[in-house]
Amino acid sequence: MPKKLYTFLSVLLFSTLIVTAQNTYVPDDNFEQALINLGYDDILDDSVLTANINTVASLHVNHSSISSLTGIEDFTSLTELKCNNNSLTSIDISNNTALETFICYFNQISALDLSNNISLTSLDCQSNNLDTLDLSSNTALVDLTCRNNNLVSLDLSNNSALILLDILGNNLTFIDVNNNVSLATINANFNSLTSLDLSNNNGLTNLHLQNNNFSSLDITANTSLVSLNCANNNLATLDLRNGNNVNMYLLTTGNPNLSCISVDDVYWADTNWTNIDAWTSFSSNCAAAFGCTDSTAINYDPLAD
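What counts, and where the lines are drawn
- Residues numbered from 1 in each chain as written.
- Predicted model: local features only at pLDDT ≥ 70, side-chain atom pairs only at ≥ 80, totals over all residues.
- Heavy atoms only, no water.
- Buried < 20%, exposed > 50% of the residue type's maximum accessible area, 1.4 Å probe, protein only.
- Helix = DSSP H or I, 4+ residues; strand = E, 2+ residues; numbered from the N terminus.
- Contact = heavy atoms within 4.5 Å.
- Salt bridge = Lys/Arg side-chain N within 4 Å of Asp/Glu carboxyl O.
- Phe/Tyr/Trp six-rings, centres within 6.5 Å; stacked < 30°, edge-to-face > 60°.

K.L.:
Pulling in residues and values, what's your account of unusual backbone geometry?
P.N.:
Despite not being glycine, serine 65 has its phi angle at roughly 60°, a positive value. With a phi close to 55°, serine 127 is a non-glycine residue in the positive phi region. On the basis of relative accessibility, which here comes to 14%, the residue serine 127 falls in the buried class.

Structure representation (structure tokens):
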């Protein structure tokens, strides 16, 4: 082979390798089209110039009929990713280690590996197909919304920075929030919870426990609470004496066994809290007033014999 031709072919091959190395494979046409619409690409050819995406900090590709986010791994500077309302069944964000906000609701994702996303502060993965969710590495997490999934357990012991916890519409029978001392809002409506220890959650302001299986609830330690919804449970005892009743909204309807609620001020409660069942009354101390909290019990009067 002539020397000049050999040199030319070598240069051409080297140039081809460089070009290939500088491009990111994006096989999903809808994902690539979304990137074209955002100005990061110009031709629908299953590839995007890596230099156009590796410095992008925020990416919104919502409502785009995307089935695969292959190529997201080269968005190495991403701190915010929103890919909600697509057709994703899986997603690999293990290379997106700078990610702080991840929004992926209304997809069909069945598993999430967040072990490399240690900077994550906000996660919204509601309305997917998650059976499990491992958050043990996400110690910076502040906002968590995982409502309407299939979770049967959730370990929050490493997530002490949590302020918002929204777990509505799962299959949870137990949740431990003792380590989550910064929590301000818990939305656990429509689960199968039977108990909840809130003694360490002094900053809690909003508590929603509608449609669970609680038989008792004590919020006496939650002095900042302004809203409590515990409708449609099996409550027999409810102690609201937290010193802050005058600032609270209360909903307790649909508790057939709840005959008495312990409150700070009976007159104030009678006047201001009306979202209770007709058979429920207020007392400064239900246990002392009735001797027991069983609404079906009949007290024995020896003088009646």
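Picking up where we left off.
K.L.:
Talk me through the environment of alanine 188; I want residue IDs and the actual numbers.
P.N.:
In this fold, alanine 188 is placed in the loop between strand E9 (185-187) and strand E10 (206-208). Aside from chain neighbours lying at most four places away, what touches alanine 188 is Ile167, Leu168, Leu193, His208, Leu209, Gln210 and Asn212.

K.L.:
Can you lay out the pattern of salt bridges for me, pointing to particular residues and giving the numbers?
P.N.:
Pairing between side chains of opposite charge can happen when their charged atoms approach one another. Counted under the stated rule, the structure contains two salt bridges. Between aspartate 166 and arginine 147 there is a salt bridge, with the nearest N and O atoms lying 3.0 Å from each other. Placement of the pair is aspartate 166 in strand E8 (residues 164-166) and arginine 147 in the loop between strand E7 (143-145) and E8, with a sequence separation of 19 residues. For arginine 147, a relative accessible area of 22% puts it in the partly exposed group. Measuring nitrogen to oxygen at the nearest pair gives 2.7 Å for the salt bridge that ties aspartate 239 to arginine 241.

K.L.:
Describe the packing of aromatic side chains, with residues and values.
P.N.:
Under the definition given, this model contains three aromatic pairs. Where tyrosine 105 meets phenylalanine 106, the ring centres are 5.6 Å apart and the plane angle is 80°; that geometry is what we call edge-to-face. Take tyrosine 105: its relative accessible area is 23%, and that puts it in the partly exposed class. Among the residues examined, phenylalanine 106 registers a relative accessible area of 44% and is labelled partly exposed. Between tryptophan 273 and phenylalanine 282, the aromatic rings sit 5.9 Å apart at their centres with planes inclined by 50°, giving tilted as the arrangement. In this pair, the class of tryptophan 273 matches that of phenylalanine 282, namely buried. Every member of this aromatic cluster is reached through a ring pair, and the members are Trp268, Trp273 and Phe282.

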